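For reference, the chains in residue letters:
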Amino acid sequence: MTASETIPNTVEDVLAEFRSCGALLEGHFKLSSGRHSGHYLQCARVLMNPARAARLAQGVVNGLPADVLAAVDVVVSPAMGGIIIGHEVARVLGKDALFLERPEGTFHLRRGFALEPGSKVLMVEDVVTTGLSSREAITAVAAEGGEVIAECSLIDRSLGSVDLGVPFYPLAAFDFPTYDADDIPEELANVAVTKPGSRKA
């Protein structure tokens, strides 16, 4: 089967989706987390095709346990990266999709979005590396009166080490290494750095 014919549920399936649209980049990248890597997964590009986004979202939902699926009231994502995949996951679940923004540096709901007190929230991200944005978003949901019961994402780049304080269900985990700015290997340091993410340095 080709990537266009199956719901992705393995690392190989997900890589095939990224490769099929040129969304797996190689070079020297400064990630939104501040760390550096020789690989970048361009989620905005892999999600630009609605049919592909729907397949990936279904793959994400297929990885969620039944008790989480039964408890979710609403889907929330941090802007910008989580918006599209969050919307698609919400479509699969038949729930509303809200997103958090931080124009002044702290996540909160805008645009008339609001959570009912005690709402059970599924947090949806595109990529998780250090988990900083996710933890900030989870804190913001609590401040808005909701409770994040789990988080899911397309990609886990933490090598399984991230602790979000809630159960975490990525569709795929990649072992592309990342480096602190003062620990970049020479072969990577010799390549001009680009910063393709949406967050300011």
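Look up a bit, the structure's there.
Draft legend 1. Spatial organisation of the packing of aromatic side chains. Here the structure, examined in full by the defined rule, presents 3 aromatic pairs. With a centroid separation of 5.1 Å and an interplanar angle of 85°, the aromatic rings of Phe99 and Phe113 are classed as edge-to-face. Taken together, the positions of Phe99 in strand 4 (residues 97-101) and Phe113 in the loop between strand 5 (108-109) and strand 6 (120-128) put the pair 14 residues apart, joining distant regions of the chain. For Phe113, a relative accessible area of 26% puts it in the partly exposed group. Residues Phe174 and Phe176 carry aromatic rings whose centres are separated by 5.5 Å and whose planes lie at 10° to one another, so their mutual orientation is stacked.

Draft legend 2. Here's a closer look at the sheet that holds strand 5. Pairing is mixed in the open sheet, where 6 strands are placed in the order 5-4-3-6-7-8. Looking at strand neighbours, the two that pair on one side only are strand 5 and strand 8 (168-173), the edges of this open sheet. Note: strand 4 against strand 5, 2 bridges, orientation antiparallel. Directly across from Glu101, in strand 5, lies its bridge partner His108. Sitting on the sheet, helix 3 (residues 50-62) touches strand 7 (147-156) and strand 8, and the angle it makes with strand 7 is about 125°. In this fold helix 6 (residues 132-143) packs onto strand 3 (74-78), strand 4, strand 6 and strand 7, with an angle of close to 160° to the strand it touches most, strand 6.

Draft legend 3. Broad picture of the pattern of salt bridges. Considering all chains together, one arrives at 8 salt bridges under this definition. We note a salt bridge from Arg52 to Glu17, for which the minimum N-O separation is 3.7 Å. You can see Arg52 sitting in helix 3 and its partner Glu17 sitting in helix 1 (residues 11-20), a full 35 residues away along the chain. On the basis of relative accessible area, Arg52 is assigned to the buried category, the value being 11%. For Glu17, a relative accessible area of 1% corresponds to the buried category. Through salt bridges that share partners, Glu17, Arg52 and Arg55 make up one connected network.

Calculation notes
- Residues numbered from 1 in each chain as written.
- Predicted model: local features only at pLDDT ≥ 70, side-chain atom pairs only at ≥ 80, totals over all residues.
- Heavy atoms only, no water.
- Phe/Tyr/Trp six-rings, centres within 6.5 Å; stacked < 30°, edge-to-face > 60°.
- Helix = DSSP H or I, 4+ residues; strand = E, 2+ residues; numbered from the N terminus.
- Buried < 20%, exposed > 50% of the residue type's maximum accessible area, 1.4 Å probe, protein only.
- Pairing = 2+ DSSP bridges.
- Contact = heavy atoms within 4.5 Å.
- Axes fitted to C-alpha atoms, helices over the stretch in contact; angles between N-to-C directions.
- Salt bridge = Lys/Arg side-chain N within 4 Å of Asp/Glu carboxyl O.

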